[in-house]
Amino acid sequence: MPELPEVETERRRLASRLRGRQLAHVRIDDPRLTRPDDPAIVATALAGDRVAEVDRRGKYLLVRLESGRVLLVHLRMTGSFRYMPASHERAVLELEDGTRIAYRDLRRFGTWQLLEAEDAEQHLGIRLGPEPLERGFTKAFLGGRLADRSAPVKAAILDQRTVAGLGNIYSDEALWQAQIHPQRPAGTLSTEEIGALREGIRKALRIGIRHQGADLGDGTYAGGRMQERFNVYGRDGEPCNRCGTPIEKIRVAGRGTWYCPSCQVSPRSGNRHPV
C-alpha cells in the first residue's frame, strides 16, 4: 500500500497537471470506485468544475474544486494516476485542452468520495492524527497516544490516528532510525525514546519523499528510488547499515517486520544489545 512518501509524490505529479484546470469531461467506469454513490452522478458533478489545488492528508489525496467541494481519493493498494493510456483504468479525467488523466487500479480497492469541504475535513479529522512532518506532530502528542498502551510500538504507530500516512515500510525504517525494537510495548517507551521515535518517523518519511517513494517492482509506483535506501525493510539476512548485524524478519500485528537484533532495543530487557 502506498504510504505518505508515495502519496506525496503522486500529489506533486497530479497537482502540476490539474491545478487551475477545468474538468471538461469525467468518466467513471467502475461502480466500486464511488460506492455507495452512483458513479454517473459523481462524474456529472465533477464535469465543468475547476481544480483549485491538490493537497494530501495522510494517505488521502484531496482534489479541491473551485465549487468548494473536495474529491477525496484513497489509493489503497494499487491506485495511481496515469498520463498515458494504461491497463486497468477505472476512471478518466479529460481537461479543457484535451489532456487525458486516467485513474488506474489493478486490485480495485481505491475509493473516490465527492464531499463538501467541511464534510471532507470532518471525515479526515475522525480518521487521522496530525501530519507527521508538520508542527502539530509533537513529542507530547505522540507520547500521549502511546501512554499506557501494551500493544507493540509498531502496531501503535501504524494507527492512522497516531501517525497519519505511516505504513509498514516507513514504520520499520522509523524504528530502525530510533533504535527501538518493533515489539516493545508502546507504553514502556521513555520520554527520550518517544523523542527519538518522533524524529525517526520524520527522518524516514523525509528520505522517502526525497527519493520519490519506493518502487517495489509491481509497476504501481515506477520511478521511486527509496527501495535503494532501505535500512531494514525487505533486507532479511543483509548486514545492518549501522552495526553490520544481519537484519531479521518477524511478524508484528500480522505484518512482516524487519529490524536489527543488535542495535534496536530488546522488547524484554529494555536495554540495547552491545554493538
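Residues numbered from 1 in each chain as written. Predicted model: local features only at pLDDT ≥ 70, side-chain atom pairs only at ≥ 80, totals over all residues. Heavy atoms only, no water.

What follows covers the pairing of strand E4 (residues 69-74). Across the 6 residues that make up E4, a large majority, 5, are buried. As judged from the 5 bridges shared by strand E3 (residues 60-65) and E4, these two strands associate in the antiparallel manner. When the sheet's bridge partners are listed, Arg64 is paired in E4 with Val70. Where E3 folds back on E4, the antiparallel hairpin that results is connected by 3 residues, among which Gly68 adopts a positive phi of roughly 100°. (Buried < 20%, exposed > 50% of the residue type's maximum accessible area, 1.4 Å probe, protein only. Helix = DSSP H or I, 4+ residues; strand = E, 2+ residues; numbered from the N terminus. Pairing = 2+ DSSP bridges.)

Below, the discussion takes up the nonpolar core. Counting residues in each nonpolar core, the largest one holds 35 residues, and the members touching the most others are Leu146, Val153, Ile157, Leu197 and Ile201. Of all the secondary-structure elements, those providing two or more residues to this core are helix H5 (139-146), helix H6 (153-158), helix H7 (168-178) and helix H8 (191-210). The element that contributes the greatest number of residues to this core is H8, accounting for 7 residues. Those residues in contact with Leu146 that sit more than four places away from it in its chain are Ala156, Ile157, Ala186, Gly187, Leu189 and Leu197. In this structure, Leu18, Ile28, Leu33 and Leu114 belong to the second largest nonpolar core, which totals 28 residues. (Core = buried A, V, L, I, M, F, W, Y, C linked by side-chain atoms within 4.5 Å. Contact = heavy atoms within 4.5 Å.)

This brings us to a nonpolar patch on the surface. On the surface, Met1, Met77 and Phe109 cluster together into a nonpolar patch covering about 270 Å² of accessible area. Positionally, Phe109 belongs in the loop between strand E7 (100-105) and strand E8 (111-116). Residue class for Phe109 comes out partly exposed when judged on its relative accessible area of 37%. (Patch = residues over 30% accessible without salt bridge, like charges linked within 9 Å, V, L, I, M, F, W, Y side chains within 5 Å. Areas by Shrake-Rupley, 256 points an atom, 1.4 Å probe, with all protein chains shown as cover. Salt bridge = Lys/Arg side-chain N within 4 Å of Asp/Glu carboxyl O.)

This next bit is on the sheet that holds strand E1 (residues 23-28). Within the open sheet, the 4 strands sit side by side as E1-E6-E7-E5. Their pairing is antiparallel. The sheet is open, and its two edges are formed by E1 and strand E5 (79-82), each paired on a single side. Strand-to-strand twist across the sheet, computed as the mean angle between neighbouring axes with direction ignored, equals 15°. Judged from the 4 bridges that link them, E5 and E7 form a sheet pairing that is antiparallel. Bridge pairing in E7 links Phe81 to Tyr103. (Axes fitted to C-alpha atoms, helices over the stretch in contact; angles between N-to-C directions.)

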